[in-house]
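The residues making up each chain are set out below.
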Amino acid sequence: MQARRAMKWTGVFPAATTQFAADGSIDIAATQGVLDALVRDGVHGLVVMGTCGENNSLEPEEKRTLLRAACEVVDRRVPIIVGVSELTTGRAARFAADAARIGADALMVLPAMVYVPTEAELEAHFSTVAAASDLPIMLYNNPTAYRVNITLPVLERLAAIETIVAVKESSANTCRYTDLINAFGDRFVLMAGLDDVALEGLMLGAQGWISGLTSAFPQESVALVDALAGGDMERALAIYRWFMPLLHLDAEHDLVQAIKLAEQIMGRGSERVRMPRLPLSGARRAAVTAMVERAAATRPCG
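Everything quoted here is computed from the prediction, not taken from an experiment.

The rules behind these values
- Residues numbered from 1 in each chain as written.
- Predicted model: local features only at pLDDT ≥ 70, side-chain atom pairs only at ≥ 80, totals over all residues.
- Heavy atoms only, no water.
- Salt bridge = Lys/Arg side-chain N within 4 Å of Asp/Glu carboxyl O.
- Helix = DSSP H or I, 4+ residues; strand = E, 2+ residues; numbered from the N terminus.
- Buried < 20%, exposed > 50% of the residue type's maximum accessible area, 1.4 Å probe, protein only.
- Pairing = 2+ DSSP bridges.
- Axes fitted to C-alpha atoms, helices over the stretch in contact; angles between N-to-C directions.
- Core = buried A, V, L, I, M, F, W, Y, C linked by side-chain atoms within 4.5 Å.
- Contact = heavy atoms within 4.5 Å.
- Expected span 1.5 Å × (residues − 1).
- UniProt positions renumbered as here; feature names shortened; annotations may be inferred.

Undergrad: Could you give an account of the pattern of salt bridges, naming the residues involved and the relevant values?
TA: By the definition in use, this model includes 15 salt bridges. Linking D41 and R268 is a salt bridge whose minimum nitrogen-to-oxygen distance equals 2.7 Å. On the criterion of sequence distance, the pair formed by D41 in the loop between α1 (28–40) and β2 (46–48) and R268 in the loop between α11 (255–265) and α12 (282–297) is long-range, its members being 227 residues apart. Its relative accessible area of 23% is what places D41 among the partly exposed residues.

Okay, here's the thing in C-alpha cells:
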C-alpha cells in the first residue's frame, strides 16, 4: 500500500473513463495511458470509477485491479479519489476497506444503487461505509441520477463523522452552494460536480471541479480554474462560453458515451463502452462529433 498523504480538495479533478478492449474486457494499459496523459496535462487530481468510469458495469475484482493500476501509473503525483458505488452497503464497505489498502487517497461515496432510501437508510449507508476505512470521504449528491437528495438535516447528522469531509454537488440547483455554506460554514469542502454550472459553483464557494469533459479538453479546464483563481474573470468567462456546448453533455443521460466519443476524437481514448451502454450512433453521434470538432477548431488553449 502506498503511503497516505494529506488530501487537497482544490483544482480540476477529471472523472476519468475506464478504457475497454474490443472484446469488452478492461484495457489496463489504455486506461493507465488516459490517466497519465491527464496528469501530464496539469490536472490536480483524478476521480476513477465514477459515473464516467462505468463503476456499475465493473465486476468486484475488476474494480480492485483497476484501482491498483491507477495507483501504479499515477505514482502519487496527484491524489486519486475512487468511486464507491454498490448495490448493498456491505459491498460498499468492503470496497472502501480494500481501496484504503490498495492506496486510494479518498473515497467518493454514492448512495446504494437501485434502491431509493429513506433519510435514515441513507445516513446508515454513509456512516457504515465511513467506518470501514480511515480515508477521507466525499459524498456524491446527484438527485437527478440517483433519485435521492442529501438534505441539510442528513448532512447535519453526518457532520459528527470526521472522515466525511466533502460534498460533490451535482444538482443543477446552484442555491445549494450558498445553503450549504450558510448551514455548515467550512465544515464540508464543496466540489462542483455538474459541468454546465461549474463556474457558478466555483464562484459560489466550491473549492474544486470534478469534471467529465476535462477528459477531452484538460488544458482548457485547468486554464478556466486558474483564471478564476487569479481573478481574471474575463478569461474565465471566455473559456467557459467556448466550452459550454460540450459541458451541457455532462447533464445528458448518455454523458458517458458522449464524453468517450469526445476523448476519441481528441486522440485521448476510445469510445468503447460496456453494455448495457452502446456507443453513440446516427444523428446523435453526428451531432456530438460536430460539437467536438467545432470546439477543437476554436479551442482557446493548446
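Back to the write-up after that little detour.
Undergrad: Let's hear about the sheet that holds strand β1 (residues 11–14): which residues, and what values?
TA: With parallel pairing, eight strands are arranged side by side in an open sheet as β1-β8-β7-β6-β5-β4-β3-β2. The open sheet terminates on both sides in strands that have one partner only, identified here as β1 and β2. In this sheet, neighbouring strand axes are inclined to one another by 30 degrees on average, regardless of whether the strands run parallel or antiparallel. Pairing between strand β3 (residues 80–84) and strand β4 (residues 106–109): four bridges, direction parallel. What sits directly across from I81, in β4, is A106.

Undergrad: I'd love a proper account of unusual backbone geometry, names of residues and values included.
TA: The omega torsion across M275 and P276 is 20 degrees, close enough to zero to call that bond cis. Its place among the elements puts P276 in the loop between α11 and α12. Unlike most non-glycine residues, D75 shows phi in positive territory, near 55 degrees. Within the chain, V114 stands out as a residue other than glycine whose phi angle is a positive 75 degrees. Counting through the fold element by element, V114 comes out in the loop between β4 and α4 (119–130). Overall, the relative accessible area of 62% leaves V114 in the exposed class.

Undergrad: Provide a residue-level description of the nonpolar core, including the pertinent values.
TA: Judged by nonpolar contacts, the single largest core of 103 residues is most densely connected at W9 and L67. The residues touching W9, leaving out its near neighbours within four places in the chain, are I81, A106, P136, M138, V165, A166, V189, M191, Q207 and G208.

Undergrad: Give a detailed account of helix α9 (residues 218–229), specifying residues and quantitative values.
TA: With 12 residues, α9 extends 17 Å from end C-alpha to end C-alpha; this agrees with the ideal 16 Å at 1.5 Å per step. Buried residues along α9 sit in contact with β1, α1, α8 (198–203), β8 (208–211) and α10 (233–247). Of the residues one or two after α9, G231 is the one with positive phi, at around 80 degrees.

Undergrad: Lay out the UniProt feature "binding site: pyruvate" (unreviewed entry) in the chain with the relevant residues and their values.
TA: Here the UniProt-annotated "binding site: pyruvate" (unreviewed entry) positions come out as I210. Within the secondary structure, I210 sits in strand β8. Beyond its immediate sequence surroundings of up to four residues, I210 is in contact with F13, A15, V47, M138, K168, M191, A192, G193 and D195.

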